[in-house]
Every structure is written in C-alpha cells, then in structure tokens.
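The chain contents come next:
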Amino acid sequence: MDERMLWKNWQYLKNEIYVEDFIDPMMEAGVFTAQNKRDIMTVQPSTRQMKAEKFLNVLIQAGERGYEMFTTVLHDMRTDNRYTSLMEKLNLPAGNVMVVHPLVEDGKTLFLIV
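To keep things clear, this report deals only with the structure shown in the data block.

Criteria and cut-off values
- Residues numbered from 1 in each chain as written.
- Predicted model: local features only at pLDDT ≥ 70, side-chain atom pairs only at ≥ 80, totals over all residues.
- Heavy atoms only, no water.
- Helix = DSSP H or I, 4+ residues; strand = E, 2+ residues; numbered from the N terminus.
- Buried < 20%, exposed > 50% of the residue type's maximum accessible area, 1.4 Å probe, protein only.
- Contact = heavy atoms within 4.5 Å.
- Polar contact = N/O pair within 3.5 Å; in protein donor to acceptor, adjacent residues only side chain to side chain.
- Axes fitted to C-alpha atoms, helices over the stretch in contact; angles between N-to-C directions.
- Parallel < 35°, antiparallel > 145°, perpendicular 65-115°, else oblique.
- Core = buried A, V, L, I, M, F, W, Y, C linked by side-chain atoms within 4.5 Å.

## Overview of the overall build of the chain
- Of the regular secondary structure elements, the chain holds 6 helices and 2 strands.
- The helix and strand sequence of the chain, counted from the amino end, reads α-α-α-α-α-α-β-β.
- Per-residue burial over the chain gives 37% buried out of 114 residues.
- When contacts within the chain are restricted to residue pairs at least 6 apart in sequence, long-range pairs at least 24 apart make up 57% of them.

Below you can see the structure in the form of structure tokens.
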C-alpha cells in the first residue's frame, strides 16, 4: 500500500473526502465492517473532518487491499469534479483505465476487471 501517499496528503484528504461516498462500497468489498462504519459515523465531535480522520485511520489499518479499494472507488467517481483534484494529488489516472475490483470468495482473493 502506498501508505506514504495517504500520510503525505492527510490534511488535504481530511478536508476533501466525504466518507459517505466511500463507506458502503468499502463494506460491500469486505474491506470495512459494520463496526468500522459505526465507529466512523459516530465519531465525536461529529464533523466531516473528524469522520474523515477516523475513515483514514481505518483505511490504513485495512492495508493494501483497503488502499486499492479506496482508489477504485475514487476512480469510479472520476466524473465527480469534487474528486478530480484529489485523484491528481494521489497521482491516480483520471481517464478511462482498467479498474480491478478485489473480491474475496471462499478465502481466496479474486479480481473482477471492468
């Protein structure tokens, strides 16, 4: 995982991401748990930046798979101008590229390519 990229852009990420855009896709991919979601959404004080801080901490704990899914969700939202500059900051391609969605089935990691 390029954890360094997250740390390098930590303050920017805290100010730019809306965790509501990321939590459900991260849960559907099995990266975040229902408890992670509760912890993030009920953090106090309940500000957007504090939720983002908690989200980023959980994301780092999720490791490589978490970072890959985070970048996949970002890529899926590439038409949302709100995240264009964030993708540039993280050196993520904004154009049409192959996206790999990690899936876990029977304890094996599979990849869905779209």
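This is not the end of the story, as more comes after the structure.
## With respect to the side chain of Thr71
- Position of Thr71 among the secondary structure elements: in helix 5 (residues 48-76).
- The exposure class of Thr71 is buried, given its relative accessible area of 16%.
- Here Glu68 takes part through its backbone oxygen, which lies 2.8 Å from a polar atom of the side chain of Thr71.

## Points about the environment of Glu16
- Assignment of secondary structure puts Glu16 in helix 2 (residues 10-16).
- With a relative accessible area of 25%, Glu16 lands in the partly exposed category.
- Ignoring any residue separated from it by four or fewer positions in sequence, one finds Glu16 in contact with Arg48, Arg82 and Tyr83.

## Here's the deal with the packing of helix 4 (residues 34-41) against helix 5
- The interhelical angle for the contact between helix 4 and helix 5, taken along N-to-C directions, is 150 degrees, at an axis separation of 8 Å. Taken as axis vectors, helix 4 and helix 5 run roughly antiparallel relative to one another. Taking contact as the criterion, the partners of Asn36, Asp39, Ile40 and Met41 in helix 4 are, on helix 5, Lys51, Lys54, Phe55 and Val58.

## Here we look at the environment of Ser46
- Along the polypeptide, Ser46 turns up in the loop between helix 4 and helix 5.
- On the basis of relative accessible area, Ser46 is assigned to the partly exposed category, the value being 43%.
- With near-sequence residues (within four places) excluded, Ser46 lies in contact with Met41 and Lys51.

## Focus: the nonpolar core
- The biggest cluster of nonpolar side chains holds 30 residues, and the ones touching the most others in it are Ile17, Phe22, Met26, Phe55, Phe70 and Leu74.
- Of all the secondary structure elements, the ones that give two or more residues to this core are helix 1 (3-8), helix 2, helix 3 (23-28), helix 5 and helix 6 (84-89).
- For this core, the leading source of residues is helix 5, giving 11 residues.
- Setting aside residues up to four positions removed in sequence, Phe22 forms contacts with Ile17, Phe55, Phe70, Val73, Leu74, Met77 and Tyr83.

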